[in-house]
Amino acid sequence: MAWVISFAMHNDETFPTRGILSRALGGVASSLRAQLFAWVVLTLIGAICINLYLSYRSADATADLVTDRTLLASARVIAEATHVDGSGTVQIDIPPAALEMFDTGYGDRVFYQVVTAWGNLIAGFPDLPRPKRDLNGEDMTFRTDGVRVLMLSHPVVGLDQDSTISVTVAVTHNSQYAMRRRLWLSDFTKQLALVLLAGLVTIIGLQRGLAPVLRLRDAVRERGRERLDPLQPDMVQNELRPLVHALNDHMERVQNQMAAQRRFVSNAAHQLRTPLALISTQASVAARETDSSRRDEALTALRSSTRQVTRLASQLLTLSRAEPGSRRPRNDTIELTETARRVLETLAEEALRRNIDLGLEADETPVRIEGDGTMLREMLVNLVDNALRYTPPGGRVTVGIGREDDTALLWVEDNGPGIPEAERAQVFERFYRIMGTEPEGSGLGLAIVREVVDGAGGSVTLGEPAGGGLLVSVRLPAV
Ligand SMILES: Nc1ncnc2c1ncn2[C@@H]1O[C@H](COP(=O)(O)OP(=O)(O)O)[C@@H](O)[C@H]1O
Ligand SMILES: [Mg+2]
């Protein structure tokens, strides 16, 4: 089974001082597989350490117990070998078996001591240490040796009724420690095998559990640029299905956006082709014309068509700039009254030419908003341009600025034909123009307006003022 930890490390040339360890840790943190693997390994190491300690403790206890049993048996044999002779003295003949039972091949040395209840040494080493309690093995030091010591009190036949002797037997640790080591090792290896087996099974489980995720990754990665059909949610486990659904939703949005983009490009090309064809014809007519006044006429028409194409191209450019993400977001503070005044100044000549009364309604208090100044100006130009363009001569166009709590208000009102209610939503669409509208125009003006207002976090609505016409109201967050 190929278990590869992919330490997805970045070749970070900018941080040559970052240590290998921190890079490895960074790699683990960013790789799911390495992370899960690290958890399993850490758990296993923890389990092995605990196991090491516990099995040592149990081996130690067992070895103590076995040694104590032998010491007790030996003490018993020695005690049984005591008797009282005719003169009333305690005699002892220690049988060799009492000490030979410690001869287990580890070169242990055995010491003993037999004393009467009143402290007279009968046999053995006088300075052998005695444990505090009877029948209780204890680790002590005798001269320079570490020993296991056990004491047994035993009544002696022939002595006074409740007279006893104390038999103390001590043995060096060699055999005890060897037993402890052996017990520990066998216990530990068994448990280690179990833990490793458990770890292996866990890792195989992880591998299998992660396989669908990797399949999903490959499925996404292998797709071509244009393949955006939904992924099958049942290729992964229940918990991951929301992710697949989210991916599918995202792909659907991208698909719709791509379709809209395609539509837009084809519309734009179409819109450009018509006037360009016209320009070509007008140019040929002008070139062929020998009569100078007729040629001037053709050239005037040519200039007008050229203006129209230029305007269309610049509207396309403005629209693409107004789209979210196409420009770095700007946070200019714009004073609306001043901006409106300047826009009206540039359009005053046009208003005069069309005999339209163009006015501004605003009081002295400044109304400030935050956003992209160029785009907001573009929006206002488009609104006033529409009002001037569609209002018949002799009409009136008023731009108003105001403020309502946290909202900046901007409205453009005219007394032209207005827009029928049924078409008020559609006029914001790209290239949408109302039937019968004068031929000049691209259908992009209101689309630009909506894009700019959306980008600035505001809203735009169309309405009809009291005397008829169109009232465009824009609400933007004020600062
Ligand atoms: N102030 C207005 N009065 C009447 N109709 C308007 C007004 N503004 C816009 N419209 C209508 O909405 C349509 C879309 O406007 P717009 O997006 O600016 O495109 P364009 O002006 O290039 O046609 C216009 O074709 C026009 O019919
Ligand atoms: Mg317009």
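Definitions and limits used
Residues numbered from 1 in each chain as written. Chains lettered and ligands numbered in written order. Predicted model: local features only at pLDDT ≥ 70, side-chain atom pairs only at ≥ 80, totals over all residues. Heavy atoms only, no water. Domains from an automatic or database assignment. Contact = heavy atoms within 4.5 Å. Buried area = accessible area lost by both parts, 1.4 Å probe. Salt bridge = Lys/Arg side-chain N within 4 Å of Asp/Glu carboxyl O. Polar contact = N/O pair within 3.5 Å; in protein donor to acceptor, adjacent residues only side chain to side chain. Helix = DSSP H or I, 4+ residues; strand = E, 2+ residues; numbered from the N terminus. Nonpolar A, V, L, I, M, F, W, Y, C, P; charged D, E, K, R; others polar. Pairing = 2+ DSSP bridges. Axes fitted to C-alpha atoms, helices over the stretch in contact; angles between N-to-C directions. 1 Å grid on protein atoms, 1.4 Å probe; cavity = no way out; pocket = protein on both sides within 12 Å on 5 of 7 lines; lining within 4 Å. Points joined across faces, edges and corners; volume = space filled by probe spheres on them.

Caption draft 1: Summary view of the domain arrangement of the chain. By domain assignment, the chain separates into domain 1 (76-177), domain 2 (239-320) and domain 3 (327-477). Spacing between the C-alpha centres of domain 2 and domain 3 amounts to 23 Å. At the interface, twelve residues of domain 2 touch 16 residues of domain 3. Together, the buried faces of domain 2 and domain 3 total about 1200 Å²; carbon and sulfur atoms form 61% of this surface. Notably, a salt bridge pairs Arg311 with Asp385, separated by 3.6 Å at the nearest N-O pair. One can count one residue pair in polar contact (both at pLDDT 80 or more) joining domain 2 with domain 3. In terms of residue count, helix 6 (residues 292-322) provides more of the side of domain 2 that touches domain 3 than any other element does, eight residues in total. Taken together, the residues that form the side of domain 2 that touches domain 3 break down as five nonpolar, six polar and one charged.

Caption draft 2: Layout of the sheet that holds strand 4 (residues 121-124). The strand order across the open sheet formed by five strands is 4-3-7-6-5, and the pairing between neighbours is antiparallel. Only two strands of the sheet have a single partner each, and these edge strands are strand 4 and strand 5 (138-142). Looking at each pair of strands side by side, their axes are set apart by 30° on average, direction ignored. Summarising the sheet, strand 3 (residues 110-116) and strand 7 (residues 164-172) pair through seven bridges and their orientation is antiparallel. Pairing of Phe111 across the sheet is with Ala170, part of strand 7.

Caption draft 3: Summary view of empty space enclosed by the protein. One pass over the full model with this rule turns up one cavity of 30 Å³ or more. As a volume, the largest cavity reaches approximately 40 Å³. If you go around the largest cavity, the residues you meet are Ile334, Leu336, Thr339, Ile369, Leu376, Arg377, Met379, Leu380, Leu410 and Leu476. For the lining of the largest cavity, the secondary structure elements donating two or more residues are helix 7 (336-353) and helix 8 (373-390). Per-element accounting of the lining of the largest cavity gives the leading share, four residues, to helix 8.

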